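Each chain, written out:
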Amino acid sequence: QVQLVESGGGLVQPGDSLLLSCAASGRTYIRYAKAWFRQAPGKEREFVAGMSWGGGDIYYAESVKGRFAISRDKAKNTVYLQMNNLKPEDTAVYFCAARSNLVTTRAEQMDYWGKGTLVTVSS
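Here goes a summary of the coordinates provided. If you're wondering where the values come from, they're calculated on a predicted model, not measured in any experiment.

**Section: the pairing of strand β1 (residues 3–7)**
Side chains on a regular strand alternate between the two faces of the sheet.
Logical step 1: Only one face of β1 is buried, namely the one carrying Leu-4 and Glu-6, since none of Gln-3, Val-5 and Ser-7 on the opposite face is buried.
Logical step 2: Across 5 bridges, β1 lies against strand β3 (residues 18–25) in antiparallel orientation. Of the residues in β3, the one forming a bridge with Ser-7 is Ser-21.

Written out as structure tokens, the structure is:
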């Protein structure tokens, strides 16, 4: 079993940066595919970034390419989402997720979810 806890959200202005963290429990987490999703009010949860369990395959949504970066720290059992040049459209609750299989961009295929951290981008 994997437990995920996000942190790092907050209120920022357009153009600012934030680093989201997802602390995970469980020794097997390192072998799980990892991903970030987000959900804005009134919208469906959408894929943001994902990483295969080995870190060799990384994917980003077109809307965040060049601005966001997913990474991991094996020693800390943590996955990160560095968000740069934030836009109002990025406002959403951000969730980290894990899957005990190949990396996916489909929310319904993820096995574990954190409770989310709110990111608000407003001037």
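**Looking at the sheet that holds β1**
Logical step 1: With respect to topology, 4 strands assemble into an open sheet ordered β1-β3-β8-β7, the strand pairing being antiparallel. Two strands in the sheet have a free side with no partner beyond their single neighbour: β1 and β7 (68–73). Each neighbouring strand pair of the sheet contributes to a mean axis angle of 20°, computed without reference to strand direction.

**Focus: the pattern of salt bridges**
Logical step 1: Scanning the model with the defined rule gives 4 salt bridges in all.
Logical step 2: Residues Arg-38 and Glu-46 are paired through a salt bridge, measuring 2.8 Å at the closest nitrogen-oxygen approach.
Logical step 3: Taking the relative accessible area as the measure of exposure, Glu-46 reaches 36% and is therefore partly exposed.
Logical step 4: Its salt-bridge partner being Arg-38, residue Asp-90 comes within 2.8 Å of it at the nearest N-O pair. Of the two residues, Asp-90 sits in the loop between β8 (78–83) and β9 (92–99) while Arg-38 sits in strand β4 (residues 33–39), which places them 52 residues apart along the sequence.
Logical step 5: Sharing partners across several salt bridges, the network here consists of Arg-38, Glu-46, Arg-67 and Asp-90.

**As for the state of the cysteines**
Logical step 1: Using the criterion set out here, one finds 1 disulfide in the structure.
Logical step 2: Disulfide pairing is shown between Cys-22 and Cys-96; the S-S distance is 2.0 Å. Judged by the sign of its S-S torsion, about 55°, the bond between Cys-22 and Cys-96 is right-handed. Taken together, the residues Cys-22 in strand β3 and Cys-96 in strand β9 connect sequence positions 74 residues apart.
Logical step 3: Here Cys-22 falls in the buried class, since its relative accessible area comes to 0%.
Logical step 4: You can call Cys-96 buried: its relative accessible area is 0%.

**Details of the side chain of Lys-34**
Logical step 1: Here Lys-34 shows up in strand β4.
Logical step 2: Of the side chains with opposite charge, Asp-73 lies nearest to the buried Lys-34, which makes no salt bridge, at 11 Å.
Logical step 3: Polar side-chain contacts of Lys-34 include one of 2.6 Å to the backbone oxygen of Tyr-32.

Parameters and conventions
- Residues numbered from 1 in each chain as written.
- Predicted model: local features only at pLDDT ≥ 70, side-chain atom pairs only at ≥ 80, totals over all residues.
- Heavy atoms only, no water.
- Buried < 20%, exposed > 50% of the residue type's maximum accessible area, 1.4 Å probe, protein only.
- Helix = DSSP H or I, 4+ residues; strand = E, 2+ residues; numbered from the N terminus.
- Pairing = 2+ DSSP bridges.
- Axes fitted to C-alpha atoms, helices over the stretch in contact; angles between N-to-C directions.
- Salt bridge = Lys/Arg side-chain N within 4 Å of Asp/Glu carboxyl O.
- Disulfide = S-S within 2.5 Å.
- Lys, Arg positive; Asp, Glu negative; His and termini not counted.
- Polar contact = N/O pair within 3.5 Å; in protein donor to acceptor, adjacent residues only side chain to side chain.

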